[in-house]
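In case you want the letters, here they are:
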Amino acid sequence: MRSLLGALMLMSVSGLAFAEQFIERESRYEINWTTGKVRFYGVGKLDEGEDSLRAAEQRAWADGLRSAEKNIPILLSSRLGSVDQSNPEKLSKLAASTISFATTYFADNRVKVQLEAPIQKITPQLVNTQAAPVALSAASPSSAGLVIKLAKGAKPTAFSQVIDEHGREMVSAKALAAAVHSGAPLVRWFRNDIAAGDLAPSADSPVISGTSERRGVIKVASSEWKPAYEAAFASGRAAVVVK
């Protein structure tokens, strides 16, 4: 009996561990497509004669923001999808949506501040949605969820275009960007499976398979697609799982 119980517990734990956040790392940046946040850091040092680390912390914040304002547009430029990009030289509004989640103090008077900002607060400066179609405007938080499973190797995108096997557009990346900038959450991406307790699709949400031969485009079978799935994307109740 004990061995059976132990086996069941191990299966349960293994099942929970199977779901992973989808994280991409590049240089000092970490894009978490499951939480919809980008993390970065800055480093500052206490100047001679200063007796409070507060000044070093402020320099670390300034260092992190200065670098991020310049580099995040470059980092995300290939990860936005089929949208009209505005290509700013820097993110002038990044500081207002950035928080600190950890601070490390070193013996040589250096301070490292780890920072985090929602991707959703960044993309309005990177994507022009003025002329975007409003086909998704009817979506609501009560829209049914959806899970699309893709094969290993598929890469996450902020605003994915969904087409069927005939090339017909099921979800417009431009309209999806407009919905997100109006307040809808980003579509979440996971590795292997969806973790229990996530707010996007519910446990009984429909699951369909798809393919993604190039970043930003997901292809699904027209026989599996339903009109309500478009609203699931627009309301942030869709999730993509990459095996």
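Residues numbered from 1 in each chain as written. Predicted model: local features only at pLDDT ≥ 70, side-chain atom pairs only at ≥ 80, totals over all residues. Heavy atoms only, no water.

Participant: It is not clear to me how the environment of Lys121 should be interpreted in this structure. Could you clarify?
Facilitator: Structurally, the position occupied by Lys121 is in helix α3 (residues 119-122). In this structure, the C-alpha to C-alpha distance between Lys121 and Leu94, residues 27 residues apart in sequence, is 7.8 Å. (Helix = DSSP H or I, 4+ residues; strand = E, 2+ residues; numbered from the N terminus.)

Participant: Sorry if this is basic, but what is going on with the environment of Gly36 here?
Facilitator: Locating Gly36 in the fold gives a position in the loop between β3 (29-32) and β4 (37-45). The residues contacting Gly36, other than those within four sequence positions of it, are Pro118, Ile119, Gln120 and Leu186. (Contact = heavy atoms within 4.5 Å.)

Participant: What exactly am I supposed to notice about the nonpolar core here?
Facilitator: A general tendency of soluble globular proteins is for nonpolar side chains to be buried together. Ile72, Phe159, Trp225 and Phe233 are the most contacted members of the largest nonpolar core, which has 52 residues in total. Take this core: its biggest share by element is seven residues, from helix α2 (residues 54-76). The residues contacting Ile72, other than those within four sequence positions of it, are Tyr29, Val38, Phe40, Leu91, Leu94 and Ile122. (Core = buried A, V, L, I, M, F, W, Y, C linked by side-chain atoms within 4.5 Å. Buried < 20%, exposed > 50% of the residue type's maximum accessible area, 1.4 Å probe, protein only.)

Participant: Which parts of the structure should I look at to understand the pairing of strand β6 (residues 110-118)?
Facilitator: Side-chain positions along a regular strand alternate between the two faces of the sheet. Both β4 and β6 contribute to a ladder of nine bridges, which runs antiparallel. Bridge pairing in β6 places Val38 opposite Ala117. Bridge count between strand β5 (residues 99-105) and β6: six bridges; the pairing is antiparallel. Its bridge partner being in β6, Ile99 is matched across the sheet by Glu116. Hairpin geometry of β5 and β6 is characterised by an intervening segment of four residues between the two adjacent antiparallel strands and by a positive phi of about 75° at Asn109. (Pairing = 2+ DSSP bridges.)

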